[in-house]
Amino acid sequence: MARGWFETVAIARERARRRLPSSVFGALVAGAEKGVSARGNEGSFDPIAFAPRLADLPASRDLSRTFMGMQLSMPVVISPTGVQAVHPDGEVAVARAAAARGIAMGLSSFASKPLRDVVAANPDTMFQVYWLGGRDALLERLELARAAGAKGLILTLDWSFSHGRDWGSPWIPERIDLRSAVRLAPQALSRPPWLWSFVRAGRLPDLTAPNMARPGSPAPTFFGAYGEWMQTPPPTWDDVAWLRSQWDGPFMVKGVCRVDDARRVADLGATALSVSNHGGNNLDGTPSPIRALAAVVDAVGDRVEVAMDGGVRRGSDVVKALCLGARAVMIGRAYLWGLAANGQAGVENVLDVLRGGMDSTMRALGRASVDELDRGDVVLPGGFSLALGADEPRAARRQPAKKAAGRRSATTTKGRKS
């Protein structure tokens, strides 16, 4: 058995905890406020049961699928995250692992590696942007994406700058200088393998955001770019439609939870949307994406491809999302723990765990292809599926809040089978 191999994502998480300084691991675990949404994302898969078959099972299973115009070996996509200080090779190692396993990569604007380097490691890379700095700044980032050869654009909209955590937030410096190095030294010295990996690479963790640099200017620090984002007025739907018009390739809107928002995304001509609550790191109390998924799929039909992002830890979780209508799932913490545990090989290990779990689950369900999965393969408890915003007329979205008071913004629907 290969050195460093692990059999589940949970084991990768534990190895990451033992290897990373506490502040770095705490940043990966994250969550917001009380942590209700972060816990719910993972726990909401548990009540979903399978309806397995006994005989006439397929001898082999085809897990491949197209998504946003890209051919994937399985319907899993690397979700964009910032991985500063997790591993010296950062997103480049993740991109290489994704390419080796035949899946696509999403790269965050706040990534620690330049987009061109990540695209070189995995040509099926999409660039993720926030509405940060206004239209001129967005156009500069789109030009960066074109020049680097990004296959698609991901616009993430679900962020409300919630910073409080009941268990406390980890201390992350704006830059590694003498003062911060002294403060972090006890943590770093307590994790010799992690520290040695950066020493061997000949560099300290880079806390800048190179893909946020303005032309002719140095890369801002992570917190410098974050501060600019906080001061940028949030976008309107007209802004979102404008951004879509500026990008002639595949375009995803990430962070959808509501049915009415999903319809708006489809109306503006997006290629895909991701049902997501930002990994539970945003507005605490937002329902888990797996519970909002089916209603969003039903609302948009085949007008836009639907992905789901949040809480996926095993291949059977992927299958559950596919049964409820997802075209693909996106993973975040799972691959970050693999990266921390064993670099590129650790990310490949996580993807192999997901593939193996998908394959065995589909065998038990009697499905030879991911295209055969449907809602008849799962059993949902009553009230599981949520249709957020399904009963709100479009005109209500333009009314002041006091006029819309009394309207229910969410309804529950029983999980249906087909």
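Residues numbered from 1 in each chain as written. Predicted model: local features only at pLDDT ≥ 70, side-chain atom pairs only at ≥ 80, totals over all residues. Heavy atoms only, no water.

## What about the pattern of salt bridges?
Under the criterion given, the structure shown has 20 salt bridges. A salt bridge links Asp309 to Lys254; the nearest nitrogen and oxygen atoms lie 2.9 Å apart. With Asp309 in strand S10 (residues 305–309) and Lys254 in strand S8 (residues 251–256), the pair connects residues that are 55 residues apart, well separated along the chain. Across this residue pair, the class does not change: Asp309 and Lys254 are buried. Between Asp374 and Arg367 there is a salt bridge, with its nearest N and O atoms 3.7 Å apart. Its relative accessible area of 14% is what places Arg367 among the buried residues. A single salt-bridge network, built from bridges that share partners, covers Arg53, Arg367, Asp374 and Asp377. (Salt bridge = Lys/Arg side-chain N within 4 Å of Asp/Glu carboxyl O. Helix = DSSP H or I, 4+ residues; strand = E, 2+ residues; numbered from the N terminus. Buried < 20%, exposed > 50% of the residue type's maximum accessible area, 1.4 Å probe, protein only.)

## Focus: unusual backbone geometry
Phi at Met68 takes a positive value of approximately 50°, unusual for a residue other than glycine. Structurally, the position occupied by Met68 is in the loop between strand S2 (65–67) and strand S3 (70–72). Look at Met68 and you get buried, because its relative accessible area is 3%. The backbone of His278 sits at a positive phi, close to 60°, despite the residue not being glycine. Turning to its location among the elements, His278 is positioned in the loop between strand S9 (272–276) and helix H12 (289–300).

## Remarks on the environment of Val86
Relative to the elements of secondary structure, Val86 occurs in the loop between strand S4 (76–78) and helix H4 (90–100). The exposure class assigned to Val86 is buried, which follows from its relative accessible area of 3%. In sequence terms Val86 and Ala299 are 213 residues apart; their C-alpha atoms lie 39 Å from each other.

## Some words on the nonpolar core
If you look at the biggest cluster of nonpolar residues, it comprises 96 residues, and the most contacted ones within it are Leu243, Leu273 and Leu293. Counting residues per element, this core draws most heavily on helix H14 (residues 333–365), which supplies 15 residues. Those residues in contact with Leu273 that sit more than four places away from it in its chain are Met252, Val253, Val256, Ala262, Val265, Val296, Val300, Val304, Glu305, Val306 and Ala307. Among the nonpolar cores identified, the runner-up in size contains 13 residues, and Met68, Met252, Ala307 and Ala328 belong to it. (Core = buried A, V, L, I, M, F, W, Y, C linked by side-chain atoms within 4.5 Å. Contact = heavy atoms within 4.5 Å.)

## Concerning the environment of Thr8
For Thr8, the position within the fold is in the segment before helix H1 (9–19). Through-space distance from the C-alpha of Thr8 to that of Asp352 is 9.7 Å; in sequence the pair is 344 residues apart.

## Some thoughts on the confidence of the model for the protein chain
This prediction gives the protein chain a mean pLDDT of 90; 93% of its residues lie at or above 70. Under a pLDDT of 50 for its full length, residues 395–418 has, in the predicted model, 40 contacts with residues more than four places off or in other chains. (pLDDT = per-residue confidence, 0-100.)

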